[in-house]
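A look at the structure
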Amino acid sequence: MPLDTMDHREPVRPLVNDAQNALSKAEAAQRRGSRTLEKLAGRLRRRGVVVPVDPPATAEWALSLRDEPTRTNVLQDALGAWQQTDPRAATAWALEKGVKPNPP
């Protein structure tokens, strides 16, 4: 096929499809993370505790809890949700705070 009649968009189509698939997966992970945090916040609200739903704020807040088992559980839930939306930031934060990050 002569160069002037070739469809130049065709070689790009697989890249566009890959980008759309990656975006879809990232959006799904973010929704899962948000649902996890909302469930956690709901459980705590039923016990009279108000907790932020933003993953970084939730993780930071969890460090302030005095009861060790509760602190560990809430922190791991928050980190797990955060890792679904921003794994690098969650891992960096955990390492900075001396918290063992959740396995991927």
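First things first, this report covers the structure right here in the doc. (Residues numbered from 1 in each chain as written. Predicted model: local features only at pLDDT ≥ 70, side-chain atom pairs only at ≥ 80, totals over all residues. Heavy atoms only, no water.)

Looking only at helices and strands, one finds 4 helices and 0 strands in the protein. N-terminal to C-terminal, the α/β element order of the protein is α-α-α-α. Residues counted as buried form 26% of the 104 residues belonging to the protein. Expressed as a percentage of contacts within the protein between residues at least 6 apart in sequence, the contacts between residues at least 24 apart total 36%. (Helix = DSSP H or I, 4+ residues; strand = E, 2+ residues; numbered from the N terminus. Buried < 20%, exposed > 50% of the residue type's maximum accessible area, 1.4 Å probe, protein only. Contact = heavy atoms within 4.5 Å.)

With 17 residues, the main nonpolar core has Ala 59, Trp 61, Val 74, Leu 75, Leu 79, Trp 82 and Trp 93 as its most contacted residues. Sorting the residues of this core by element identifies helix H1 (13–46), helix H2 (55–62), helix H3 (68–85) and helix H4 (87–97) as the ones contributing at least two each. (Core = buried A, V, L, I, M, F, W, Y, C linked by side-chain atoms within 4.5 Å.)

All right, on to H2 then. Within H2, the full set of buried residues consists of Pro 55, Thr 58, Ala 59, Trp 61 and Ala 62. Viewed end-on, H2 has its buried residues packed into an arc of 160 degrees, placing them on one side of the element. (Arc of directions from axis to C-beta.)

Before going further, it helps to examine the packing of H2 against H3. Between H2 and H3, the shortest axis-to-axis distance is 9 Å and the interhelical angle comes to 160 degrees. Taken together, the axes of H2 and H3 lie roughly antiparallel to each other. Crossing hand, H2 versus H3: left-handed. Within the contact between the two elements, H2 uses Pro 55, Pro 56, Thr 58, Ala 59, Trp 61 and Ala 62 and H3 uses Arg 71, Val 74, Leu 75, Ala 78, Trp 82 and Thr 85. Classifying every residue of the contact of H2 with H3 gives 9 nonpolar, 2 polar and 1 charged. (Axes fitted to C-alpha atoms, helices over the stretch in contact; angles between N-to-C directions. Parallel < 35°, antiparallel > 145°, perpendicular 65-115°, else oblique. Left-handed = near helix turned anticlockwise from the far one by under 90°. Nonpolar A, V, L, I, M, F, W, Y, C, P; charged D, E, K, R; others polar.)

Together, Arg 31, Arg 32, Arg 35 and Lys 39 make up a positively charged patch on the protein surface. Along the chain, the position of Arg 35 falls in helix H1. (Patch = residues over 30% accessible without salt bridge, like charges linked within 9 Å, V, L, I, M, F, W, Y side chains within 5 Å. Areas by Shrake-Rupley, 256 points an atom, 1.4 Å probe, with all protein chains shown as cover. Salt bridge = Lys/Arg side-chain N within 4 Å of Asp/Glu carboxyl O. Lys, Arg positive; Asp, Glu negative; His and termini not counted. Charge placed at Lys NZ, Arg CZ, Asp CG, Glu CD.)

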